[in-house]
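Coordinate inspection notes
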Amino acid sequence: MSERREGALDDATIEARLKAELPDWRYEDGWIRRTYKTAGWKSTLMVINTVGHLAEAAWHHPDLTASYAWVEVRLMNHAAKGITDKDFALAAKIEQVVGWQPGTEGGALEGTPTDPRFAYIKYDK
């Protein structure tokens with residue numbers, strides 16, 4: 001990767017922030033990354049569309065790789081040639097929305113049924 005520009009974070013800062021803020025994300029080959037496991041193709045497309053909406057609203061666009069039952073999200077600020085606060089902010093929003101489990105909050109929304117016919121995201125927690 002080319003030399004980092006102003007605003008890009010150093011490797012130690014990136015690793016420390018991932019550990020503290022986004023423990024399910026990893027730093028690899030100049031990108032912060034997260035792989036979401038899904039229940040199948042329909043769920044994979046829902047994750048892709050969700051990430052697409054958030055990226056467009058933020059005007060900061062990740063790279064995505066997908067297969068039948070997973071989506072990998074990769075973030076890096078191309079202008080800074082490295083990881084910046086923008087990458088962490090968008091990763092946090094993606095994590096918040098994709099990982100949302102309303103059934104665990106005790107509110108009016110019950111969340112996705114446990115019946116495998118309605119499976120969506122394979123939550124880590």
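In the nomenclature of an unreviewed UniProt entry, the protein is known as 4a-hydroxytetrahydrobiopterin dehydratase of Methylobacterium dankookense. Under the Sequence similarities (unreviewed entry) heading, UniProt states for the protein: "Belongs to the pterin-4-alpha-carbinolamine dehydratase family."

Points about the overall build of the protein
Per the secondary structure count, the protein includes three helices and four strands. Dimensions of the protein, computed from C-alpha atoms along their principal axes, come out at roughly 50 × 30 × 25 Å. Among the 125 residues that make up the protein, the fraction classed as buried is 34%. Residue pairs at least 24 apart in sequence account for 62% of intrachain contacts in the protein once pairs closer than 6 positions are excluded.

Some remarks on the pattern of salt bridges
Counting across every chain of the model gives twelve salt bridges. The partner of D63 in a salt bridge is R74, with the nearest N and O atoms 3.9 Å apart. Linking D63 in strand 3 (residues 63-67) with R74 in strand 4 (residues 70-75), this pair joins segments that are eleven residues apart in sequence. Since its relative accessible area comes to 13%, R74 is described here as buried. Across the pair D115 and R117 runs a salt bridge whose closest N-O atoms are separated by 2.7 Å.

Some thoughts on the sheet that holds strand 1 (residues 26-28)
Reading across from one edge, 1-2-4-3 is the order of the four strands in this open sheet, with antiparallel pairing throughout. Each end of this open sheet is capped by a strand with a single partner; those strands are strand 1 and strand 3. The sheet shows a mean angle of 30 degrees between the axes of neighbouring strands, direction not considered. Inspection of the sheet shows strand 3 paired to strand 4 by five bridges, in the antiparallel sense.

Observations regarding the pairing of strand 2 (residues 31-37)
For strand 2, the buried fraction is high: five of the seven residues fall into the buried class. With three bridges connecting them, strand 1 and strand 2 associate as antiparallel partners. Of the residues in strand 2, the one forming a bridge with R26 is R33. As consecutive antiparallel partners, strand 1 and strand 2 are separated by two residues, and within that stretch D29 has a phi angle of approximately 55 degrees, a positive value. Where strand 2 and strand 4 come together, six bridges link them in antiparallel fashion. Across the sheet, R33 pairs through a bridge with R74, a residue of strand 4.

Some remarks on the packing of helix 2 (residues 41-58) against helix 3 (residues 85-98)
Axis separation between helix 2 and helix 3 bottoms out at 10 Å; the angle between their running directions is 140 degrees. The angle between helix 2 and helix 3 places the two elements in the oblique class. Of the two possible hands of crossing, helix 2 and helix 3 adopt the one that is right-handed. On the side of helix 2, the interface is formed by V47, T50, V51, L54, A55 and A58, while helix 3 contributes L90, K93, I94, V97 and V98.

Side note on the side chain of E72
Locating E72 in the fold gives a position in strand 4. Its relative accessible area of 11% is what places E72 among the buried residues. Here R26 takes part through its side chain, which lies 2.8 Å from a polar atom of the side chain of E72.

Rules used throughout
Residues numbered from 1 in each chain as written. Predicted model: local features only at pLDDT ≥ 70, side-chain atom pairs only at ≥ 80, totals over all residues. Heavy atoms only, no water. UniProt positions renumbered as here; feature names shortened; annotations may be inferred. Helix = DSSP H or I, 4+ residues; strand = E, 2+ residues; numbered from the N terminus. Buried < 20%, exposed > 50% of the residue type's maximum accessible area, 1.4 Å probe, protein only. Contact = heavy atoms within 4.5 Å. Salt bridge = Lys/Arg side-chain N within 4 Å of Asp/Glu carboxyl O. Pairing = 2+ DSSP bridges. Axes fitted to C-alpha atoms, helices over the stretch in contact; angles between N-to-C directions. Parallel < 35°, antiparallel > 145°, perpendicular 65-115°, else oblique. Left-handed = near helix turned anticlockwise from the far one by under 90°. Polar contact = N/O pair within 3.5 Å; in protein donor to acceptor, adjacent residues only side chain to side chain.

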